[in-house]
Amino acid sequence: MNLKSIASFLFQRIPILLFMCYTMMRWRNILGTAVGVLFLYSFMKNLAAVMTDNKLIKRSIILLMFFDLWSSLFTLSDFFCIDLDYPRAVLDGIMRLGRACPTTTMKEEKINEHASVLVYTPEKTTGRKCVMYIHGGGFCFLSAKGFNASVSWMAHFLQVVVVSVEYRLAPEHPFPAALTDCYSALQWIYANADSLGVAEDQVFVAGDSAGGNLTAAVCLLHRDREGKPLDNGSVTHPLPAGQILLYPVLQCYKTNVGSMVTNGSYFPGNSANFRKFGSYYATGQDKLGNIMGNGEIMDRVPKFWAVTQNILVEEEEMMQDEGSLKKIELVKDLANYYFMPLHSRDLKGVPPAYVTVATADPLMDHGVWWVQYMEYFGLDAKLSVVTQCHGFMGNYNVNKVAHAELMKIKEFIEKH
């Protein structure tokens, strides 16, 4: 590595880098997206070429710099407070750059007026198992179509049918829109199990980040409704065979403790970002962003906090048990465990869990707490800690770390 060459490269391209940043910050349209991504990719590709001749190292450098620079830009409030269309277009465009598995077929199905699903069928399937996958994106970003490449390879390597949910996003559609869309998708799988070639009692629910939140919430909602559809139908369905949570976000009681602080400099950012997106998901506005995550304003302590922190909390001091599909309007409504599943006082009756957390992730503790909380109730839960950053799962055909973790998930699915 020639430090002089690197320094010369950076100095010569400072004007280009500044223009790229200006373009991405100000041209909130398709043209700005294209120009910004083109300059960003070209800049990092050329810098990587100066640094090393090893192709694998080059790709790693490009990927790491891309997400690091993007995360830095993304945290600037001016970047996304005016509108969300621009960052949505950029992020979704980046996700779609991957190559889908050529042997996995995909078919889009409309399940109701609000939501649709993408059904992935691999060339080879083992048994009649199915995974319903819920994508992440802070409740506000990304899409099932953006996850097309990763989910197609997921179906290929797991050798099961994967149904990816296209749910409504906040802030245009705040809670409980995303949850009801995902629960309706699960009901759609049950209703179409025969045509999908899957068994009702072999359906797993999985999701990453915000999708991990929705995964846990769907399981709680299914438990409470005994598998009945939201239209109060009388047909019941078996509990999901398992829940697979990838670096999930599960609580908003406190956002200034643990990994939210120690890992706050890593993607997807510090507690301020989390509170902003959490408020968008809760209310469609940022009105709760300044107070969310401050345990003192919620009056009572959630049971999970007492359990995981090993502290004694009297019954009258404990947060009230509530699972509601009503809109969130007040601070007290944040206790709703359909909104943040760790706020539940009782996890009994939820399916076995496989939880993946990353060591360089602000949300690491959320997944750890979920496993500890499930074990407190005597439930089957497995924790997998991976030395990686938030969002590392994906590109399973080339990402060796993600592929190895996916194979562990496959073992979990086959076991259950």
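Being a predicted model, the structure only gives us computed values, none of them experimental.

Asks: So what's going on with the environment of Val 160? Residues and values would help.
Replies: For Val 160, the position within the fold is in the loop between helix H7 (148-158) and strand E4 (161-166). Residues Val 160 and Val 131, 29 residues apart in the sequence, show an inter-C-alpha distance of 7.1 Å. In this structure Val 160 touches Tyr 120, Pro 122, Lys 129, Val 131 and Ala 155, once residues within four positions along its chain are discounted.

Asks: So what's going on with the sheet that holds strand E8 (residues 381-389)? Residues and values would help.
Replies: Strand order in this open sheet of 8 strands is E1-E2-E4-E3-E5-E6-E7-E8, and the pairing throughout is mixed. Because the sheet does not close on itself, it has two edges, and the strands there are strand E1 (105-110) and E8. For this sheet the average axis-to-axis angle between neighbouring strands, irrespective of direction, equals 20°. Along the sheet, helix H8 (residues 177-191) contacts E1, strand E2 (116-121), strand E3 (130-134), E4 and strand E5 (203-208); its crossing angle with E3, the most-contacted strand, is approximately 160°. Of the strands in this sheet, E3, E5 and strand E6 (242-246) touch helix H10 (residues 210-225), which is tilted by about 145° from E5.

Asks: For the nonpolar core, give the residues involved together with the corresponding values.
Replies: Of all hydrophobic cores here, the largest spans 116 residues; its most connected members are Phe 339 and Trp 370. By residue number, the principal contributor to this core is H8, which donates 9 residues. Ignoring anything within four residues of it in the chain, the contact list for Phe 339 reads Phe 175, Asn 213, Cys 252, Gly 278, Tyr 281, Ala 282, Met 292, Ile 328 and Leu 334.

Asks: Quick one: what's the story with the pairing of E2, residue by residue and with numbers?
Replies: When you tally the buried positions in E2, you get 5 out of 6 residues, the bulk of the element. Between E1 and E2, which pair antiparallel in sequence order, lie 5 residues.

The rules we used
Residues numbered from 1 in each chain as written. Predicted model: local features only at pLDDT ≥ 70, side-chain atom pairs only at ≥ 80, totals over all residues. Heavy atoms only, no water. Helix = DSSP H or I, 4+ residues; strand = E, 2+ residues; numbered from the N terminus. Contact = heavy atoms within 4.5 Å. Pairing = 2+ DSSP bridges. Axes fitted to C-alpha atoms, helices over the stretch in contact; angles between N-to-C directions. Core = buried A, V, L, I, M, F, W, Y, C linked by side-chain atoms within 4.5 Å. Buried < 20%, exposed > 50% of the residue type's maximum accessible area, 1.4 Å probe, protein only.

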